[in-house]
Amino acid sequence: MPDREVSVSVVFDRPVRDIAVRDGTQTNCAGFAKILADIEPAERFEFLSNGDAAPAGVLDDELIEQCIGAVRRGVLDELTRVGDGEVPPVRFVLRRILVHLVDSAEFRNEAVGRMAVAEAVRRLNGAY
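Let me sum up the structure you'll find in this document. (Residues numbered from 1 in each chain as written. Predicted model: local features only at pLDDT ≥ 70, side-chain atom pairs only at ≥ 80, totals over all residues. Heavy atoms only, no water.)

## A look at a negative patch on the surface
Where like charges cluster on the molecular surface, the negative patch consists of Asp60, Asp61, Glu62 and Glu65. With respect to the helices and strands, Glu65 occurs in helix 1 (residues 61-82). Judged by its relative accessible area of 51%, Glu65 is exposed. (Patch = residues over 30% accessible without salt bridge, like charges linked within 9 Å, V, L, I, M, F, W, Y side chains within 5 Å. Areas by Shrake-Rupley, 256 points an atom, 1.4 Å probe, with all protein chains shown as cover. Salt bridge = Lys/Arg side-chain N within 4 Å of Asp/Glu carboxyl O. Lys, Arg positive; Asp, Glu negative; His and termini not counted. Charge placed at Lys NZ, Arg CZ, Asp CG, Glu CD. Helix = DSSP H or I, 4+ residues; strand = E, 2+ residues; numbered from the N terminus. Buried < 20%, exposed > 50% of the residue type's maximum accessible area, 1.4 Å probe, protein only.)

## Considering the environment of Pro88
Within the element layout of this structure, Pro88 appears in the loop between helix 1 and strand 4 (90-97). Accessibility expressed as a relative area gives 13% for Pro88, which makes it buried. Sequence separation between Pro88 and Arg44 is 44 residues, and the spatial gap between their C-alpha atoms is 7.3 Å. Contacts of Pro88, omitting those with residues within four sequence positions, involve Phe12, Phe45, Leu79 and Gly83. (Contact = heavy atoms within 4.5 Å.)

## Points about helix 1
Its 22 residues place the ends of helix 1 32 Å apart at the C-alpha level, agreeing with the 32 Å of an ideal helix rising 1.5 Å per residue. Taken residue by residue, helix 1 has Leu63, Ile64, Cys67, Ile68, Ala70, Val71, Gly74, Val75, Glu78, Leu79, Arg81 and Val82 as its buried positions. Axial view of helix 1: buried residues confined to an arc of 165°, hence all on one face. When the buried face of helix 1 is taken as reference, the exposed residues oriented beyond 90 degrees from it are Asp61, Glu62 and Glu65. Those residues of helix 1 that are buried are in contact with strand 2 (32-41), strand 3 (46-49), strand 4 and helix 2 (106-124). The first or second residue beyond helix 1 is Asp84, which carries a positive phi of 50°. (Expected span 1.5 Å × (residues − 1). Arc of directions from axis to C-beta.)

## Points about the sheet that holds strand 4
If you trace the four strands from one edge of the open sheet to the other, you get 1-2-4-3, paired in mixed fashion. At either margin of the open sheet sits one strand with a lone partner, and together these are strand 1 (16-24) and strand 3. Neighbour-to-neighbour, the strand axes of this sheet turn through a mean angle of 25°, independent of strand direction. As defined by bridge partners, strand 1 adjoins strand 2 across seven bridges and the pair is classed as antiparallel. Bridge pairing in strand 2 links Asp23 to Ala33. Relative to strand 4, helix 1 is tilted by about 145°, and along the sheet it contacts strand 2, strand 3 and strand 4. In the packing of helix 2 onto the sheet, contacts are made with strand 1, strand 2 and strand 4, and the angle to strand 1 comes to roughly 140°. (Pairing = 2+ DSSP bridges. Axes fitted to C-alpha atoms, helices over the stretch in contact; angles between N-to-C directions.)

Rendered as structure tokens:
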């Protein structure tokens, strides 16, 4: 992940697909988060979840919403940073999220939201 103090200039002029990021180590008691997302140009900021958030066996709607909300906060935090204080007009599509009754952690989900935006910026700037 880029240094949090460095200002990054980026234009979200094309979609970035299949952004897969994870943070933490599952079963280590410090939490784990994993998402698959797309970022695409839009008229204004939008955060969408396609309803594929709950893996088999996880029926806790409140936990699912907490995890998605934490990812959204991380996305907004990083977009505000790369947008020099403004949220760029993009659509963030959360395609999949790992939700686990024991291993899901709010700070890890915020981190993967930030990491997904940083990965999109890296791809848009051609730093493959």
